[in-house]
Amino acid sequence: MTGREDETAGQSADVQRTFVAFPPARGRGFAVSWWGQAWLTALEESALDLQQLKAGRGLARGGAVGAVSVRPGRITAMVRGRDRTAHRADVLVEPLAEAQWERFLDMAVERAGHVAALLDREMPPHLVEDASVTGIDLLPGLGELEPECACGAWDHCEHTAALCYQVARLLDEDPFVLFLMRGRGEQALLADLQVRGDTASADAAQNSPASRARPGVDATEAYATGDILPSLPALPELPTEPGVPPSLDTEAAPGVAGVDPAALEVLAAGTAVEAHRMLAEALRATPGMVSELTVAQDAVRLAAGASDEGVIERLAEGSGRGRAGLETAVRAWRLGGEAALFVLDEEWQVEGEALARARAALESAWDEDERPPLRRDGNRWTLEEAPAQLRLGRDGRWWPYREEAGRWVPAGAPARDPATALAAAEPDGHRTDGTLVPESP
């Protein structure tokens, strides 16, 4: 697959790229990266007709989607339907406003890791999370993929669904496709980041202690003028990122016996991150539910941000998971936080309406001749012919798992569509064909 950028107009976002059509690819998933799967989740959670999604997947796998044109706010392709009639299909995505781009660029240059990841064609989860804290949603949410099709359908039809599934493959290979849809081409985005990076470096040099004096005020004089000073300003807005705790002198012996400076630094940094998250949640117009983590769960959260080997060993022992178990739990946490941790640890019986919904999702996810053989045990469906597994969360999402060294480990982000989730769990090059085998008693 190759891309071609047809025209560029600097920061006006007047950029268009056209990607050649994918060849037929039956039996394979559409998204491997977590951001590609997030794109499909936005499609699958907003479409009203699951049969149209199923038909769209079949068209995309069969090579019915032509060259895909991507430009700010819109993706377009000619899609040949099941009746072999070609229709122009468009999917609209709201571009970011200029003020939002300014906030995003300022946030991105503050963390060198964000820029480095983008240059490697990766979309780090922390970049999306940090952008969300500043009010910028890079990935589309529920109902944000607005369909337009020449066939006249008012909701997602098989043509727009096929286009969305194909775009997930583009996003896998190049996350800059997402930025282009949001209004900024690759070259313009990188140029803006470069300019801001240079400006930030210059400002840091100008404001260094060596370049400016720090005049002081006598404490008695300052206190005496308290009654005549103006009132305090309004409280500042939510910081764009958590504060950085003071660095400790880890070389000197602690003043109190039993204090581990490295562990204290990890706790302080983790507390700052958690406090920032809770404050952001509290300031939202419609606060979400924040449950209290258990001690063992909080150990996983801390381990996800720790790098000191001694601290990680203590967390592994304190959580009761051991080193290998903690590494698996940290992988789950990074994929989905507390919800992913529950899916890792909790096995529950799927019954009643939840089981009926799960069976319907599995039946509609694949064409009958492509349906993989799965065996159910509780909320876990295991692939008979490969070390892959689907786990159903209590919210109805499917989590991919893969067996590694005799242990089931998370293999990717969750998806509403079990076929999308299973594709992330299957070994490279594996293809599933067959029918569902009887469930275990």
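Keep in mind that what you see is a predicted model, and the values were worked out from it rather than measured.

(A) Quick look at the overall build of the protein. A tally of helices and strands in the protein yields 15 helices and 11 strands. The contacts in the protein between residues at least 6 apart in sequence include a share of 65% that link residues at least 24 apart.

(B) Region of the structure containing the packing of helix H11 (residues 295-304) against helix H13 (residues 322-345). Running from N to C, H11 and H13 point in directions that differ by 110°, and their axes come no closer than 9 Å. In terms of axis orientation, H11 runs roughly perpendicular to H13. Of the two possible hands of crossing, H11 and H13 adopt the one that is left-handed. Residue-level inspection shows Gln297, Val300, Arg301, Ala303 and Ala304 of H11 in contact with H13, the latter providing Leu326, Ala329, Val330, Trp333, Arg334, Glu338, Leu341 and Phe342. For the contact of H11 with H13, a count of residues per class yields 9 nonpolar, 1 polar and 3 charged.

(C) Just unusual backbone geometry, in detail. Positioned with a positive phi, Arg84 is a non-glycine residue whose angle comes to about 75°. As for its position among the elements, Arg84 is in the loop between strand E4 (74-80) and strand E5 (86-92). Not every positive phi belongs to a glycine, and Ala405 is a case in point at roughly 55°. Within the secondary structure layout, Ala405 lies in the loop between strand E10 (398-404) and strand E11 (407-410). Of the residues examined, Ala405 reaches a relative accessible area of 89% and is grouped as exposed.

(D) Fine view of the sheet that holds strand E8 (residues 380-383). Spatially, E7-E8-E9-E10-E11 is the arrangement adopted by the 5 strands of the open sheet, whose pairing is antiparallel. The sheet is open, and its two edges are formed by strand E7 (374-377) and E11, each paired on a single side. The mean inter-strand angle of the sheet, taken between neighbouring strand axes irrespective of direction, is 30°. Pairing of strand E9 (residues 388-392) with E10, which is carried by 5 bridges, proceeds in the antiparallel orientation.

(E) Spotlight on the nonpolar core. Core analysis: the largest hydrophobic core is formed by 58 residues, its most contacted members being Trp39, Phe104, Phe179 and Met181. Beyond its immediate chain neighbours, meaning those up to four positions away, Phe179 contacts Trp101, Phe104, Leu118, Met123, Leu127, Leu138, Arg184 and Leu189. Grouped together as the second largest cluster of nonpolar side chains are 24 residues, Ala262, Ile312, Ala340 and Val343 included.

(F) Main features of the pattern of salt bridges. Applying the stated criterion across every chain yields a total of 24 salt bridges. Ionic contacts of the salt-bridge type, sharing partners, join the residues Arg74, Arg88, Asp90 and Glu148 into one network.

(G) Broad picture of the environment of Arg301. Examined against the element boundaries, Arg301 turns out to sit in helix H11. Sequence-wise, Arg301 and Glu274 are 27 residues apart; in three dimensions their C-alpha atoms are separated by 9.5 Å. What Arg301 contacts, discounting residues up to four positions off in sequence, is Gly270, Glu274, Leu293 and Trp333. Side chain to side chain, Arg301 and Asp298 meet in a polar contact 2.7 Å long.

(H) Structural context of the environment of His156. For His156, the position within the fold is in the loop between strand E6 (146-149) and helix H6 (158-173). The exposure class of His156 is buried, given its relative accessible area of 4%. Considered as a pair, His156 and Leu50 are 106 residues apart in the sequence and their alpha carbons are 9.6 Å apart. Excluding anything up to four places from it in sequence, His156 contacts Leu43, Ser46, Ala47, Gln52, Leu145, Pro147, Ala161 and Cys164. Here the side chain of His156 touches Leu145 through a polar contact of 3.0 Å, landing on its backbone oxygen. At 3.1 Å, the side chain of His156 forms a polar contact with the side chain of Thr160.

(I) Focus on the pairing of E5. With 5 of 7 residues buried, E5 lies mostly within the body of the structure. Pairing geometry for E4 and E5, over 7 bridges, is antiparallel. Looking at the pairing, Ala77 lines up with Ala89 of E5. Linking E4 back to E5 in an antiparallel pair, the connection comprises 5 residues, with Arg84 at a positive phi of about 75°. Relative to E6, E5 is paired through 4 bridges, and the arrangement is antiparallel. In the strand pairing of E6, Ala89 is matched with Cys149.

Parameters at a glance
- Residues numbered from 1 in each chain as written.
- Predicted model: local features only at pLDDT ≥ 70, side-chain atom pairs only at ≥ 80, totals over all residues.
- Heavy atoms only, no water.
- Helix = DSSP H or I, 4+ residues; strand = E, 2+ residues; numbered from the N terminus.
- Contact = heavy atoms within 4.5 Å.
- Axes fitted to C-alpha atoms, helices over the stretch in contact; angles between N-to-C directions.
- Parallel < 35°, antiparallel > 145°, perpendicular 65-115°, else oblique.
- Left-handed = near helix turned anticlockwise from the far one by under 90°.
- Nonpolar A, V, L, I, M, F, W, Y, C, P; charged D, E, K, R; others polar.
- Buried < 20%, exposed > 50% of the residue type's maximum accessible area, 1.4 Å probe, protein only.
- Pairing = 2+ DSSP bridges.
- Core = buried A, V, L, I, M, F, W, Y, C linked by side-chain atoms within 4.5 Å.
- Salt bridge = Lys/Arg side-chain N within 4 Å of Asp/Glu carboxyl O.
- Polar contact = N/O pair within 3.5 Å; in protein donor to acceptor, adjacent residues only side chain to side chain.

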